[in-house]
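# Understanding the architecture of this molecule
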Amino acid sequence: MMKKKNISASKASLVLFLCQMVSALDVPLDSKLLEELLQPPTIIQQSPKDYIVDPRENIVIQCEAKGKPPPSFSWTRNGTHFDIDKDALVTMKPNSGTLVVNIMNGGKAEAYEGVYQCTARNERGAAISNNIVIRPSRSPLWTKEKLEPNHVREGDSLVLHCRPPVGLPPPIIFWMDNAFQRLPQSERVSQGLNGDLYFSNVQPEDTREDYICYARFNHTQTIQQKQPISVKVFSMDSLNDTIAANLSDTDIYGAKPVTERQPVLLTPTGSTSTKVELRGNVLLLECIAAGLPTPVIRWIKEGGELPANRTFFENFKKTLKIIDVSEADSGNYKCIARNTLGSAHHVISVTVKAAPYWITAPRNLVLSPGEDGTLICRANGNPKPDITWLANGVPIAIAPEDPSRKVDGDTIIFSHVQERSSAVYQCNASNEYGYLLANAFVNVLAEPPRILTPANKLYQVIADSPALLDCAYFGSPKPEIEWFKGVKGSILRGNEYVFHDNGTLEIPVAQKDSTGTYTCVARNELGKIQNEVQLEVKDPTMIIKQPEYKVIQRYGQVSFECIIKHDPTLLPTVVWLKDNDELPDDERFLVGKDNLTIMNVTDKDDGTYTCVVNTTLDSVSASAVLTVVAAPPTPAIIYARPNPPFDLELTGQLERSIELSWVPGDENNSPITNFVIEFEDGLHEPGVWHYQTEVPGTQTTVQLKLSPYVNYSFRVIAVNEIGRSQPSEPSEQYLTKSANPDENPSNVQGIGSEPDNLVITWESLKGFQSNGPGLQYKVSWRQKDVDDEWTSVIVANVSKYIVSGTPTFVPYEIKVQALNDLGYAPEPLEVIGHSGEDLPMVAPGNVQVHVINSTLAKVHWDPVPPKTVRGHLQGYKVYYWKVQSLSRRNRRHVEKKILTFRGNKTFGMLPGLEPYSSYKLNVRVVNGKGEGPASPDKVFKTPEGVPSSPSFLKITNPTLDSLTLEWGSPTHPNGVLTSYILKFQPINNTHELGPLVEIRIPANESSLILKNLNYSTRYKFYFNAQTSVGSGSQITEEAVTIMDEAGILRPAVGAGKAMASRQVDIATQGWFIGLMCAVALLILILLIVCFIRRNKGGKYPVKEKEDAHADPEIQPMKEDDGTFGEYRSLESDAEDHKPLKKGSRTPSDRTVKKEDSDDSLVDYGEGVNGQFNEDGSFIGQYSGKKEKEPAEGNESSEAPSPVNAMNSFV
């Protein structure tokens, strides 16, 4: 007892350990992330386990794998290393493990039979493929044999043996005659599963000499034919006549009729048999019986029911078919053959076994160093499969030791893994019926946090609705996520927020004050990263005046109102519906800005009208009912439909015509405009009335044309402006005489449904077109442009006939002629049809690609020979796909694109290509059956293009005279980046732009510090990237330098969202006013001193003054490198302590010179034509030109005032 307790305790501890394990990391499906992470190999494509190949074609054994770094490939053949370099006929595709055996250049497929296995390996492990068994298909000939004629007595059973040659895969068997027509089968005559032809009892009509068994080998597309078998059936009457002719009159002879016999099973033999089938396959059980009368087969399952929805009966119930069998389908199945004389039965004991199938297949594990995990491999089968593990393709028992790994049956337990624990593990589940092999890798990664959500992503929601802010992340170990509101806000906590495991922040009820910047921070022990997103909460859309219920008189006017209130930043659309559907297309419906008006209302306008208001974020609606009532009664003439005609009379009866007359009914105050005559064919379609003709309302007789073999009745309908009358009472019946058909079937076509047949179709004649009893069709055909006689067959009243055994896609002349018991219709017209199409045989050749520009290419090819199309040429398909980007040298998931060019075109344009990339393409010809083989892949490359805009531009660390710029490289470089171009200019408080400065930055830089800037000044920056082709689109940002070093005011640096109106106007500050007063006092004192010195006759040393205060604007460029001011990259921080060079951008007195400060208004908005308010403020339009790159050197023609000179760029 104690021992059992200990075992139970150990099992319990193991289960507890597995439950407490840290779950494996989920790697987001982010293409950029997946390209950067190291990953063991994964087999993504391989050939089937049992691979039967065509011995006439090259053998392609597929093995494709992905991994980082890209894996290398090797093969084994029959368990030993397969050195493909030593076999000139075997090659491996570049960057792939797929083998190509060149059979078409002299190789023999039989020499390459065997078991192949592929291994994909990189530094993180090795994955292996299934064992791929290569076998060439075989379609051997029938062995020659001498077949004796079969002489059979009428009523006896007969089996014609096929015994096809053993092929690979097994052939499809069918019986035909010398005319390539399938032999008819029935309950009496049928083909067994083994291909033999069984006769339950033979009849005299079974006598023939061309019973031919065919074996079709689909893999090699060949058909083998057995020698014809002859069957001669002797009836009892002919046998008695033969015997009587050889007997004397004194002999006693009595003729015996055909003897009826009770059923006897022809197959299977005996009373019982067994059958083993695998789970998931199709179970086929067969019973064929002899007997006279022909026995009927019935199936039952002893002790149970046949499974519903999976049971089918075929071959006239002689075959029981159960699809998708399982272990529950095991048991005894009894077939019972019965006729009027008795019955016979057979019991088949079915056992369902199972090849291994997955219960839990092992899944890839991505772990952090020190974490735990498990690989579980569970499979079932009958018998139960054995589970074995391999590590990197080597049995785990002899694989290198890993202290973090422990194997426990179908589970591998990993504890405290390290990066060296990365490997690919294989689980093999096998029993006597097959095996399963699965690769699952363990990838141990140590990665700092990454945030995958785009920076500054904007979310917009309606107030009082949930807001979901994404922060998709990845890191190993799994990062912790924190959210903050604002740049320096506190961490978000509390019940008003919901924090999801995937990093998403949910605000269940967003309010207007929820608007702002939210920062997501992801951190683990390897680092920290943050990302900002923006949330805007909009006012909900409301209908403040809804449409109201209206009652309106007929022919009146009605209006529904729908006045809305919405967020000013959202653009609403208003749609009116009637009864939840679109408004009628009627000019009486007038839709205004906030109403719907219906003019001249009618009864059909009655219904429910709905006003639907949609914005990009919400939708509201309101409905009202319109009831239309009759106008007040006024005396008026009553108009109505006419009364039906009466007294119909038939006169002047002839074979093809008759005269009909009638008496009109009352017009009811609206004149009769016309009469409609209809007829009924009581012989072919009783109760169905057809349109015959119509006559003006003034006419009461009509001569009607008739068709033969129709039992006519007529009726008349009167029509006025109000409507149609009820039909009149039918006339007496009149039966016309029969005649030959007047016409032949229409729409005759010949289109093959299979490569070896011709399906002839037509539209059958209607009953009254038959002109007599016994309608049939004579179908005739012959091959066009071949001196053949017409082949004809007469068929019943059908609309299709199939001609079998035709060559593939050849033209035929076809005609279909109607006939009845009295004779034939006129000679029909011939039409041209074609036998069935087959797939094209060859690929287009000489494929050439001409690259026009970085996004467009032109492809040419030679047309295929018409004979190889084997069908109607529909065009050509060009498959093309991007292999890799030449700038990043990385591969990605191949997404093939297809362009179809109709007709016999031999060229086409490929639009939408990505610049500076490598592409492949191939061309295939297309007919009505499908696509032909692909041409060899053609590789071409697109040239460089201009890059996209940099992925971001951030401006940080504002100081008195410097700003730090950081940027990201373009998402689509479209070539090799040569440099970045930075342009910037100051903006004053009236939105005027200052001089533009341009800087070229090396392509390998990602940050820059701009120095010697004006304090408390807003700057606008334009930034773009360049390739050798040219400049890409630019990104713009704005930022402000701070006011002073004390940090009294530090304007926020934003993504261009701060407006100039939010800046501080220093002209209104107290300290500034005091400073100006002090400067004014100092100037006054200087003026007084100068005046005194001048009166004393002294000279003012102007030249010395100018030399002592040289204008720095004269030398704005550095002497050593010619760059503007001082700027540096973040990589050059070591030079920060060097003394500043001369050449400051701004004069020491902080004034701005006229030629540098003022832009001409002509270049912005209305220019000199701008208007001013009464207070002198400028009200001309501020042109969007300031958003674009302005021209340099705009100079003002007016001198600035002293105050504006100092504040012009604040």
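Residues numbered from 1 in each chain as written. Predicted model: local features only at pLDDT ≥ 70, side-chain atom pairs only at ≥ 80, totals over all residues. Heavy atoms only, no water.

Our focus in this paragraph is the side chain of Gln203. Topologically, Gln203 is positioned in the loop between strand S16 (197–199) and strand S17 (208–217). The class of Gln203 is buried, set by a relative accessible area of 18%. (Helix = DSSP H or I, 4+ residues; strand = E, 2+ residues; numbered from the N terminus. Buried < 20%, exposed > 50% of the residue type's maximum accessible area, 1.4 Å probe, protein only.)

A side chain of one charge can pair with a side chain of the opposite charge if their charged atoms are brought near each other. Applying the stated criterion across every chain yields a total of 35 salt bridges. The closest approach of N and O atoms between Asp586 and Arg588, which form a salt bridge, is 3.0 Å. For Asp586, a relative accessible area of 23% translates into the label partly exposed. Two residues, Arg715 and Glu678, come together in a salt bridge whose shortest N-O distance is 2.8 Å. (Salt bridge = Lys/Arg side-chain N within 4 Å of Asp/Glu carboxyl O.)

A few words on the state of the cysteines. Under the counting rule described, the total for this entry stands at six disulfides. Sulfur-sulfur distance for the disulfide between Cys63 and Cys118 comes to 2.0 Å. When the S-S torsion is -70 degrees, as for the bridge of Cys63 with Cys118, the disulfide is left-handed. Residue Cys63 is found in strand S4 (residues 63–68), and its partner Cys118 is found in strand S9 (residues 114–122); the two are separated by 55 residues along the sequence. Cys118 matches Cys63 in its accessibility class, with the two residues each being buried. Each sulfur in the disulfide pair Cys471 and Cys520 lies 1.8 Å from the other. On the sign convention where negative means left-handed, the S-S torsion of about -60 degrees between Cys471 and Cys520 marks this disulfide as left-handed. (Disulfide = S-S within 2.5 Å.)

In space, the four strands of this open sheet follow the order S82-S81-S84-S85, with antiparallel pairing throughout. Every other strand in the sheet has two partners, leaving strand S82 (997–1002) and strand S85 (1035–1040) as the edge strands with one partner each. Between one strand and the next, the sheet's axes are offset by a mean angle of 25 degrees, whatever the strand orientation. Where strand S84 (residues 1018–1027) meets S85, six bridges bridge the pair, whose relative direction is antiparallel. Within S85, the position partnered with Tyr1019 by the bridge is Ala1039. (Pairing = 2+ DSSP bridges. Axes fitted to C-alpha atoms, helices over the stretch in contact; angles between N-to-C directions.)

Attention shifts here to unusual backbone geometry. Cis geometry marks the peptide bond from Thr267 to Pro268; its omega dihedral reads -5 degrees. Mapped onto the elements of the fold, Pro268 is located in the loop between strand S20 (261–267) and strand S21 (272–278). Cis geometry is adopted by the peptide bond preceding Pro477, which originates at Ser476 and carries an omega value of 5 degrees. Despite not being glycine, Tyr555 has its phi angle at roughly 75 degrees, a positive value. The phi angle at Asp647 is positive, at roughly 55 degrees, despite the residue not being glycine. On the secondary structure map, Asp647 appears in strand S57 (residues 646–651).

What follows is about the nonpolar core. In this structure, Ile59, Ile61, Trp75 and Ile134 are the most contacted members of the largest nonpolar core, which totals 30 residues. Mapped onto this core, the elements with two or more residues apiece are strand S2 (50–53), strand S3 (59–61), S4, strand S5 (72–77), strand S8 (99–101), S9 and strand S11 (132–136). It is S9 that contributes the most residues to this core, three residues altogether. Every residue in contact with Ile134, bar those within four places of it in the chain, is listed here: Tyr51, Val53, Ile59, Ile61, Tyr112, Glu113, Gly114 and Tyr116. Tyr980, Val997, Leu1010 and Ala1025 belong to the second largest nonpolar core, which has 20 residues in total. (Core = buried A, V, L, I, M, F, W, Y, C linked by side-chain atoms within 4.5 Å. Contact = heavy atoms within 4.5 Å.)

Below, the discussion takes up the packing of aromatic side chains. Inspection of every chain in the model, using the stated rule, returns 21 aromatic pairs. Judged by centre distance (5.6 Å) and plane angle (10 degrees), the ring pair of Phe174 and Tyr214 falls under stacked. Of this pair, Phe174 sits in strand S14 (residues 172–176) while Tyr214 is found in strand S17, placing the two residues 40 residues apart along the sequence. Per residue, the accessibility class of Phe174 equals that of Tyr214, and both read buried. Pairing Phe199 with Tyr211 gives two aromatic rings, centres 5.9 Å apart and planes at 80 degrees, and the pair type is edge-to-face. A residue pair is termed long-range when its members are at least 10 positions apart, and Phe199 in strand S16 and Tyr211 in strand S17 qualify at twelve residues. Exposure class is identical for Phe199 and Tyr211. Each is buried. (Phe/Tyr/Trp six-rings, centres within 6.5 Å; stacked < 30°, edge-to-face > 60°.)

Confidence along the protein averages 83 in pLDDT terms, with 83% of residues attaining 70 or more. In this model, residues 247–256 is a region of pLDDT below 50 whose contacts with residues beyond four sequence positions or in other chains number six contacts. pLDDT under 50 marks residues 1098–1210. Its contacts with residues more than four places away, or in other chains, come to 169 contacts. (pLDDT = per-residue confidence, 0-100.)

Moving on, we come to a nonpolar patch on the surface. On the surface, Leu1081, Leu1084, Ile1085, Ile1088, Val1089, Phe1091 and Ile1092 cluster together into a nonpolar patch covering about 660 Å² of accessible area. One can find Leu1084 in helix H5 (residues 1070–1095). (Patch = residues over 30% accessible without salt bridge, like charges linked within 9 Å, V, L, I, M, F, W, Y side chains within 5 Å. Areas by Shrake-Rupley, 256 points an atom, 1.4 Å probe, with all protein chains shown as cover.)

With eight bridges joining them, strand S66 (residues 776–783) and strand S69 (residues 811–820) adopt antiparallel strand pairing. Considered in S69, the bridge of Tyr777 is made with Ala818. Judged from the five bridges that link them, S66 and strand S67 (residues 791–795) form a sheet pairing that is antiparallel. Looking at S67, one finds that Val779 is bridged to Val793.

Moving on, we come to the environment of Arg1000. The residue Arg1000 is located in strand S82 in this model. Spatially, the C-alpha atom of Arg1000 lies 4.7 Å from that of Ile981, the residues being 19 residues apart in sequence. Of the polar contacts made by the side chain of Arg1000, one reaches the side chain of Ser979; its length is 3.1 Å. At 2.6 Å, the side chain of Arg1000 forms a polar contact with the side chain of Gln1026. (Polar contact = N/O pair within 3.5 Å; in protein donor to acceptor, adjacent residues only side chain to side chain.)

Moving on, we get to the sheet that holds strand S43 (residues 498–499). Spatial strand order, S40-S44-S43: three strands in an open sheet with antiparallel pairing. The outermost strands of the open sheet, each flanked by one partner alone, are strand S40 (467–469) and S43. Sheet topology note: the S43/strand S44 (residues 505–507) ladder contains two bridges and is antiparallel. Across the sheet, the residue bridging to Phe499 is Leu505, located in S44.

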